[in-house]
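# Chains, contacts and geometry: an overview
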Amino acid sequence: MDVIKQVLNFGAGPAKLPPSVMLEAQKEFIDYKGLGISILEMSHRSSDFTKILNNTEICMRELLNIPDNYKVLFLQGGGSGQFSAVPLNLIGLKEGKCADYIVTGAWSAKAAKEAEKYGKVNIVHPKLTSYTEIPDPNSWNLNPDASYVYYCANETVHGVEFQDVPDVKGTVLVCDMSSNFLSRPIDISKVCICFQFHKSKMAWENFNV
């Protein structure tokens, strides 16, 4: 009998899953809960898929303690698409069409560059010569007229991670949690939009501003 080689991936993206989870997914790939069909073959308009979607939202709300006045959105597309989607939807919240960006690594730098296509971008801290730390919040020059403030919670390329949700003085806060989503508790009530992407994406939003 062949021995299955077990490898642990400590990379910044995908990670190891429990064998029981993988076996269940393998089983349901062919026959989802006795329906005789894979979830990949199921209509996204069917009642069975609606149950999956609703249950996923319930679990997310419980795990992240998402406030009732926040909406949970399941969106298609990749990470770079969100770099555009955020300013396209939010930069016009205020007349000046400007946004504040906390740039701590490659991903937030790309997001800021993309946002420049749609309005004025203000990097809130002095330019960094290298991405090795989060700039002292006391050095931030937040624009009170900014439509939103954007930051990447965990910069996988340079290894810089926020330990707390930054205080942006009541401005709409957008958080990219691509690599540390559900890795620890986060106070979602302090974040107006939080998105996670890779193979799939979820977003929480609250526009009570």
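The protein is annotated in an unreviewed UniProt entry as phosphoserine transaminase of Engystomops pustulosus. Taken directly from UniProt, the Catalytic activity (unreviewed entry) text for the protein runs: "O-phospho-L-serine + 2-oxoglutarate = 3-phosphooxypyruvate + L-glutamate". A UniProt comment under Sequence similarities (unreviewed entry) is attached to the protein, and it reads "Belongs to the class-V pyridoxal-phosphate-dependent aminotransferase family. SerC subfamily."

The subject of this paragraph is the overall build of the protein. Helix and strand counts for the protein come out as four helices and nine strands. Each of the 209 residues in the protein was classed as buried or not, and the buried ones make up 38%. Expressed as a percentage of contacts within the protein between residues at least 6 apart in sequence, the contacts between residues at least 24 apart total 53%. As presented, the protein carries roughly 13,100 Å² of accessible surface, and 55% of it is formed by carbon and sulfur atoms.

What follows is about the nonpolar core. Ile102, Tyr151, Leu173, Met177, Ile186 and Val191 are the most contacted members of the largest nonpolar core, which has 22 residues in total. Ranked by size, the runner-up nonpolar core spans 18 residues in total, among them Ile91, Ala112, Val172 and Phe195.

Right, let's get into a nonpolar patch on the surface. Taken together, Phe29, Ile30, Ile39 and Leu40 make up a surface patch of nonpolar side chains, about 420 Å² in accessible area. Position of isoleucine 30 among the secondary structure elements: in helix H1 (residues 19–30).

Attention now moves to unusual backbone geometry. Even without a glycine there, the phi angle at lysine 97 is positive, about 50°. Look at lysine 169: it is not a glycine, yet its phi comes out positive at around 60°. Locating lysine 169 in the fold gives a position in the loop between strand E6 (160–161) and strand E7 (173–176). Overall, lysine 169 belongs to the exposed group, its relative accessible area being 64%.

Here we come to the pairing of strand E3 (residues 120–123). Pairing analysis gives four bridges linking strand E2 (residues 98–101) to E3, with the strands arranged parallel. Bridging across to E3, aspartate 100 finds its partner in asparagine 122. Taking the sense of rotation as the criterion, the β-α-β connection linking E2, helix H4 (residues 106–115) and E3 turns out right-handed.

How each quantity is defined
Residues numbered from 1 in each chain as written. Predicted model: local features only at pLDDT ≥ 70, side-chain atom pairs only at ≥ 80, totals over all residues. Heavy atoms only, no water. UniProt positions renumbered as here; feature names shortened; annotations may be inferred. Helix = DSSP H or I, 4+ residues; strand = E, 2+ residues; numbered from the N terminus. Buried < 20%, exposed > 50% of the residue type's maximum accessible area, 1.4 Å probe, protein only. Contact = heavy atoms within 4.5 Å. Areas by Shrake-Rupley, 256 points an atom, 1.4 Å probe, with all protein chains shown as cover. Core = buried A, V, L, I, M, F, W, Y, C linked by side-chain atoms within 4.5 Å. Patch = residues over 30% accessible without salt bridge, like charges linked within 9 Å, V, L, I, M, F, W, Y side chains within 5 Å. Salt bridge = Lys/Arg side-chain N within 4 Å of Asp/Glu carboxyl O. Pairing = 2+ DSSP bridges. Right-handed = clockwise from strand over helix to strand, strands pointing away.

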